[in-house]
Every structure is written in C-alpha cells, then in structure tokens.
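# Inside the fold
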Amino acid sequence: MPKQPREILTGAQIVVRLLERQGVRTLAGIPGGAILPIYDALSKSELIHHVLARHEQGGGFMAQGMARATGLPAVCMASSGPGATNLLTAIADAKLDSIPLVAITGQVPRAMIGTDAFQEVDTYGLSIPITKHNFLVNAAVDLLEIIPRAFRIAASGRPGPVLVDIPKDVQNQLVEVAEWPAPGGAEPVPPPAAEAVGRAAEMINAAARPILYLGGGVVHSAASGLAVALAEKCRLPTVMTLMALGAMPVDHPLSLGMLGMHGARCTNLALDECDLLIAVGARFDDRATGKVAGFCPQAQIIHIDIDPSELDKIKTAHVGIAGDVSSVLEMLLPALAVVERDDWLARVASLKAAQPLRTPGIDDPRTPYGLIRAVADCLDDSATITTDVGQHQMWVAQAYPLRRPRQWLTSGGLGTMGFGMPAAIGAALAEPERTVVCFTGDGSILMNVQELVTAAEENVNVKIVLMNNASLGLVFQQQTMFYGERIYASKFKGMPDFVRVAEGFGVAAIDLDKEVEPLAALARALSTRGPMLIHASIAMHEQVLPMVPPGAANKEMIGG
C-alpha cells in the first residue's frame, strides 16, 4: 500500500480536513476573531456547507436538529468569549437530552489565557458541568487525536455533547501530517449481564399487571421496533416519556401515550395499579414520575439503561440491567412467554374508556387541539415535528399523532424556549426531503426570532405554526392554578405583528385569524415549499390539562 504523502498544514486546516473525513457536510456557526483561522480554512472546503446562524445559541440548536433527526453527531462553531457563552445553553440542552454534539470554539492565544484578554472567558471551565467531555487544545498536532476522539465520545454509550476549545495560535501552528487517523465512531457497548436478563424475563412472564415504560434511550438506540415487538409478544400496555414519543405509534392498541405531568388520566391511573414496571431507556425524570414515592407504588421495577449511573439513582430497581437497549431487548425477547393477560388489558381498556385524554375543540382549527389536528391532517408520517417549550409543546405532545422514532424533536430535560425554530432548520438541512413543522408560542419564538433570516437564506422547508396567546402561557396557567390568580409578568403588554416580522426577515407568512376558510389556507401553506410562518391566535385562558401539581403524585391530577 503506497504511503500517504506528507503535508504541512495549519491546525485550522487539520480541523477542517478531519471534519471532512468524519463525514460532516453541514455545520452551523458564527465567526469571530479567535476562530477566524478555522473559518479561513473552512472557506476552501468543497465538501462542507456552512450555515451562518444569527446567534450562537441558534447555531447550537441547528446542530441539535441535525443530530436529533439523524442520530449522528453534528457540529456547531463559535468564537471565544461571548460567542462561546452564547453556545452554552444549546450545549447544556444537548447534555440533558443525550444528544451527540461536537462544539468547536475559538480561544485567545495561549500566552494570553488568564490575562483577561479581549473576548477571553474560561470556556473549558464553564463547560465542564454541561458536557460529556471537553478539551482545551495545547498543540496543533494534538488535534489529530482530539477531533476523532470528540466524535467517538459524543456517539458512544449514552450520547452527549463534547466541546473542543482551540486557542488562536494553535489554529495557526504548522504541523507535518504523515498519516490521518480513522474517523471517530461509537464504541461497542459491553454486553448485558445474561443472569440479569434472565431474571427480568422471569419477572415479566410472572407479572399480572405489567406496564412497559419507554424513554428516549429507545430512540437513541434505534430500538423502537424491538420495543414494540416486546409489547406485542407479552401484551404490555405501553407508556412513553416526552422524549420517547413516536417510539410506539400513538394509535397502536397497546399505547397509553405520554405519562406524567400532562399525561392522560387513564395513563397515570394504570401506572398506579401496575405490579411490574419495565423501564427501558428512561431515567425516571420528575416530570414523568411526579412525587417519586407515589410513583407505581405497587410495582416491582426492571430498569434497562445504557448509563449504569442511572440505575437506582431515583427509583431502586429490583433488576437493573446496564446495556444498550437494542442488545438487551434482542437477548430478552426469546426468553419471554406469550401471555395474553386478558384481565389486565380489559382493566386498562376500561380506564381508557372512563378517563381518556380530553381534547376539547378538536374539530375547531381555532382551538389548540383543533389547530394541531388540522396540521396533522395535512401531513403524513414522513413529516418531522419540532416544538419550543410551553403550553403548545404539551398540547402537541398530547394530540399530535406521532408514529415513528425521530419524528418528534423537543427540548425535554432543559426545557429551553427558543429551541424549536433553529432545531427545525437543522432537521430540514439534515433531511431536506421532509416537511418540518415547528410548533411555537409567542413567548418562545422571540427567544431566537433572528433565525427567521437563516431559514429564508437557506430556503429550508420549515413551517412555523405560531400559537399566540399574548402571554407566557404555562406561567400564566400556573399562576392561575397555584398562585391565587395573581398574574404577574406573564401577560405581554406589547405584541409584535408576527406576520410583518416574518415578512421583514424574508419568510412568507399567513394569519389564520383573517382567513375565511382556515383549513384550506393551512393546507396551502403546509404544501408550499420553503419557509412559512402560520400565525394563529389562541385564547389566553386555554389550559393544558390534566396537570399534576408540582410535588404531587401522578394520581393527584387536576382537570382533564
């Protein structure tokens, strides 16, 4: 085999070449002085398309949208100082939702670190709590090891964000490269303990009232098909966390939909009666469990997770299995008996009949549920749905017919307003053949409204459905329900004309409030290629119900 020719390259050129070899074809970012050498090298790349975000947080969420849609690590870039600090929220969001991200930041030259130089901040120190791993690069030659390793760490085990901080002088250093490293990929996960899998199978076979509890790890592991097969073989009623929606089609006969704070009453009541909870790729988040001591009080617990530190962290498992969800389910399925469980399924069916999810106004497109249903009726399952955070997010989680994994992209753990639109742009860049719909609120869209111009510039096929109730809806709801109706700082006095704002950014827009035939206008807007804002007013008094009060057990739901 002929030897590779030696090349003398700068650290910046090495970074770009390694990203190309890694398969990166689109990345988002904003340049600045401390990262200009990398941008100069990037300008010569014929393989990588750079998307110029208008705020570093927006660029970070675009990368998240790419990663969430594909399951592969995506890249964002920012300069030092405020560029890096603006990126931190998107990195923290990726950490809490286990999203593979590689963030590359510029830093002041090494000799100036610690001098309070212009646009200097300790990016490495700031990012330690919110990354899976981070690097401060001290020599250009180290990039040959660090960049592939960053991708390997981001993708391996429980995915997460990795930050690489590169001083400007390191970017300019010359290095002779004799051999290029292999691209970094996910490392194999150790096989699960066969004994624990065997004990889990015995417990499932013996259970009278089991429930399958799916979390985001099922999606990350591409294990949705196996999870549905498990449910079908063992006749397991199945609940999903916010992050797992779509792992089982919402209209599957065994689906009980989302559990927790805004889950249907029948879902939370069934969990209260189960005698075995099979948690797969879920971490017992407080929004799912409510008061932990009151969550599934009669149940033994099987907990399957790729991250051993999650086992017994919040709920003690009777059987804890550390391993990749796909591998565990492949080992578990053959050991399971076919059990009909007619009595338990009849009980669950009676709960669904007596206490279903209430969706008032579902046939009226001028109500929250009706608007969501009308959007869904215009689309098929190939569409990708993103949301911001608030009432609209919960209404969509309750009512949109999600039927495939990676159809649903939302900020779960950190709950970041401003996530939805840039994530939708990223998803559309990663999968341009899909229609991407972002449901947002008037409070959320203003958090990263500047990315409308990025959507226009890239001509992404993103439809932004803006549910405008002139308030911070979930704050308003909680103040109404739990703070004696003392409404403070949650009603907006000034309200922009969102249609004109969108048009000013170069994005076409319609106002459903002014349409005589809103369903026809909605269908036209959703079928028109390119970015589009669809504005719809929602009554301020509309609430997301049922709701579990903070600190209460899930069975203590209000309303719905």
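This text goes with the structure placed above it.
Let me begin by describing the structure that accompanies this report. Source: prediction; values computed, not measured.

Conventions and cut-offs
Residues numbered from 1 in each chain as written. Predicted model: local features only at pLDDT ≥ 70, side-chain atom pairs only at ≥ 80, totals over all residues. Heavy atoms only, no water. Helix = DSSP H or I, 4+ residues; strand = E, 2+ residues; numbered from the N terminus. Rg over C-alpha atoms; globule rule 2.2 N^0.38 Å. Buried < 20%, exposed > 50% of the residue type's maximum accessible area, 1.4 Å probe, protein only. Contact = heavy atoms within 4.5 Å. Phe/Tyr/Trp six-rings, centres within 6.5 Å; stacked < 30°, edge-to-face > 60°. 1 Å grid on protein atoms, 1.4 Å probe; cavity = no way out; pocket = protein on both sides within 12 Å on 5 of 7 lines; lining within 4 Å. Points joined across faces, edges and corners; volume = space filled by probe spheres on them. Nonpolar A, V, L, I, M, F, W, Y, C, P; charged D, E, K, R; others polar. Pairing = 2+ DSSP bridges. Axes fitted to C-alpha atoms, helices over the stretch in contact; angles between N-to-C directions.

It is worth spelling out the overall build of the chain at this point. Looking only at helices and strands, the chain has 22 helices and 20 strands in total. A compact globule built from 560 residues should have a C-alpha radius of gyration of about 24 Å, and the chain, at 24 Å, falls within 12% of that. Seen through its C-alpha atoms, the chain measures out along the principal axes to roughly 70 × 65 × 45 Å. Looking at the chain residue by residue over its 560 residues, the buried ones come to 58%. In the chain, of all internal contacts separated by at least 6 residues, the share reaching a separation of at least 24 is 75%.

This part is about the packing of aromatic side chains. Geometry of an aromatic ring pair is reported as the spacing of the ring centres plus the angle between the planes. On inspection of all chains with the given rule, the structure shows 5 aromatic pairs. An angle of 80 degrees between the planes, with centres 6.2 Å apart, marks the rings of Phe284 and Phe295 as edge-to-face. With Phe284 in the loop between strand 12 (276-280) and helix 12 (286-289) and Phe295 in the loop between helix 12 and strand 13 (300-305), the pair connects residues that are 11 residues apart, well separated along the chain. The residues Phe284 and Phe295 share a single accessibility class, namely buried. When the centroid spacing of 6.3 Å and the interplanar angle of 65 degrees are considered together, the rings of Tyr400 and Phe439 count as edge-to-face. Remark: Phe439 occurs in strand 17 (residues 436-441) and Tyr400 occurs in the loop between helix 16 (391-399) and strand 16 (408-409); sequence separation between them is 39 residues. Take Tyr400: its relative accessible area is 3%, and that puts it in the buried class. Classification of Phe439 as buried rests on a relative accessible area of 0%. Joined through ring pairs, the aromatic side chains of Tyr213, Phe284 and Phe295 make up one cluster.

For the structure on display, the rule yields 2 cavities of 30 Å³ or more. In this structure, the largest cavity occupies an estimated 130 Å³ of space. At the level of elements, helix 9 (216-220) and strand 16 are the ones that each hand at least two residues to the lining of the largest cavity. No other element matches the 3 residues that helix 9 contributes to the lining of the largest cavity. Its volume calculated, the second largest cavity comes out at about 40 Å³. Lining of the second largest cavity is provided by Asn268, Leu271, Asp272, Gly294, Phe295, Cys296, Asn554 and Lys555. For the lining of the second largest cavity, the class distribution of residues is 3 nonpolar, 3 polar and 2 charged.

Computed from the structure, the second largest pocket encloses a volume of approximately 500 Å³. Lining the second largest pocket are 26 residues, with Val250, Leu256, Gly257, Leu357 and Gln398 positioned closest to its centre. Contributing elements (two or more residues each) for the lining of the second largest pocket: strand 11 (255-258), helix 11 (265-273) and helix 16. By residue number, the principal contributor to the lining of the second largest pocket is strand 11, which donates 4 residues. The residue makeup of the lining of the second largest pocket, split by class, is 15 nonpolar, 8 polar and 3 charged.

In this section: the sheet that holds strand 19 (residues 508-511). One open sheet accounts for 6 strands, arranged 16-15-17-18-20-19; its pairing is parallel. Edge positions in the sheet fall to strand 16 and strand 19, since each has one partner strand and no second. As defined by bridge partners, strand 19 adjoins strand 20 (residues 532-537) across 4 bridges and the pair is classed as parallel. Looking at strand 20, one finds that Ala509 is bridged to Leu533. Together, strand 17, strand 18 (462-468), strand 19 and strand 20 form the strand contacts of helix 22 (residues 518-527), whose direction differs from that of strand 20 by roughly 155 degrees.

Right, let's talk about the environment of Val75 for a bit. On the secondary structure map, Val75 appears in strand 4 (residues 74-78). For the pair Val75 and Asp251, spaced 176 residues apart in the sequence, the C-alpha separation amounts to 35 Å. Sequence-distant contacts of Val75, defined by excluding residues within four places in its chain, comprise Leu19, Val24, Leu27, Ala28, Ala63, Val102, Ile104 and Phe151.

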